[in-house]
Amino acid sequence: MPTRTRYLVAYDIRDERRLRRVAQCVEGFGSRVQYSVFVCDLSEVELIRLRLELRDVMDHRMDSVMFVNLGPPGERGTHCFEFLGAAPGLPQSGGPTIL
């Protein structure tokens, strides 16, 4: 089984239509924790696939997508989160979430 890495993926998209398309794309790879923030446990191939899909739907002159490598899902990838207020549930599994 391929090694997975947990990524925090956040985006700032300037157009509503592109925003919906980017959100649908990222939803296929991870779990939403805030409006434009996702946690994605990805293999190297899945990370490449996600980046390719995003490249096709965003406007690189105006939009921004951020990937933060949090390490393996069971290690720092789980323990580095701290929330004030209501805390969303984080994915418990390092397994695939692609639909």
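Coordinates for the structure precede this section.
Reading guide: rules and limits
- Residues numbered from 1 in each chain as written.
- Predicted model: local features only at pLDDT ≥ 70, side-chain atom pairs only at ≥ 80, totals over all residues.
- Heavy atoms only, no water.
- Helix = DSSP H or I, 4+ residues; strand = E, 2+ residues; numbered from the N terminus.
- Buried < 20%, exposed > 50% of the residue type's maximum accessible area, 1.4 Å probe, protein only.
- Areas by Shrake-Rupley, 256 points an atom, 1.4 Å probe, with all protein chains shown as cover.
- Pairing = 2+ DSSP bridges.
- Axes fitted to C-alpha atoms, helices over the stretch in contact; angles between N-to-C directions.
- Core = buried A, V, L, I, M, F, W, Y, C linked by side-chain atoms within 4.5 Å.
- Contact = heavy atoms within 4.5 Å.
- Salt bridge = Lys/Arg side-chain N within 4 Å of Asp/Glu carboxyl O.

**Q** Report on the overall build of the chain, specifying residues and quantitative values.
**A** Along its length, the chain carries three helices and four strands. Counted from the first residue to the last, the chain has its helices and strands arranged as β-α-β-β-α-β-α. Taken across its 99 residues, the chain has 43% of its residues classed as buried. When the accessible area of the chain is evaluated, it comes to approximately 6,300 Å², of which 52% is carbon and sulfur surface.

**Q** Quick one: what's the story with the sheet that holds strand β4 (residues 64-71), residue by residue and with numbers?
**A** The antiparallel open sheet is built from four strands, whose spatial order is β2-β3-β1-β4. The two strands at the open ends of the sheet, each matched to only one other strand, are β2 (31-34) and β4. Averaged over all neighbouring strand pairs, the angle between strand axes comes to 30°, with direction disregarded. Looking at chain direction, β2 and strand β3 (residues 37-42) are connected through three bridges and run antiparallel.

**Q** Requested: an account of the nonpolar core, with residues and values cited.
**A** Ranked by internal contacts, the top residues of the largest apolar core, which has 19 residues, are Y11, V22, V26 and L54. Breaking this core down by element, the ones donating at least two residues are β1 (5-12), α1 (16-27), β3 and α2 (44-57). By residue number, the principal contributor to this core is α1, which donates five residues. Apart from residues no more than four positions distant in its own chain, V26 is found in contact with V9, Y11, F38, C40, L50 and L54.

**Q** Explain the environment of R55 residue by residue, including any values.
**A** In this structure, R55 sits in helix α2. Take R55: its relative accessible area is 48%, and that puts it in the partly exposed class. Considering only alpha carbons, one finds R55 and V65, 10 residues apart in sequence, at a separation of 9.7 Å.

**Q** I'd like a description of the pattern of salt bridges, backed by residues and values.
**A** Pairing of side chains with opposite charge becomes possible as their charged atoms draw close. Going through the model one piece at a time under the given rule, you end up with eight salt bridges. The closest approach of N and O atoms between D63 and R18, which form a salt bridge, is 2.7 Å. Of this pair, D63 sits in the loop between α2 and β4 while R18 sits in helix α1, placing them 45 residues apart in sequence. As far as burial versus exposure is concerned, D63 and R18 are alike and both buried. When the shortest N-O distance is used, the salt bridge between D59 and R61 registers 3.1 Å.

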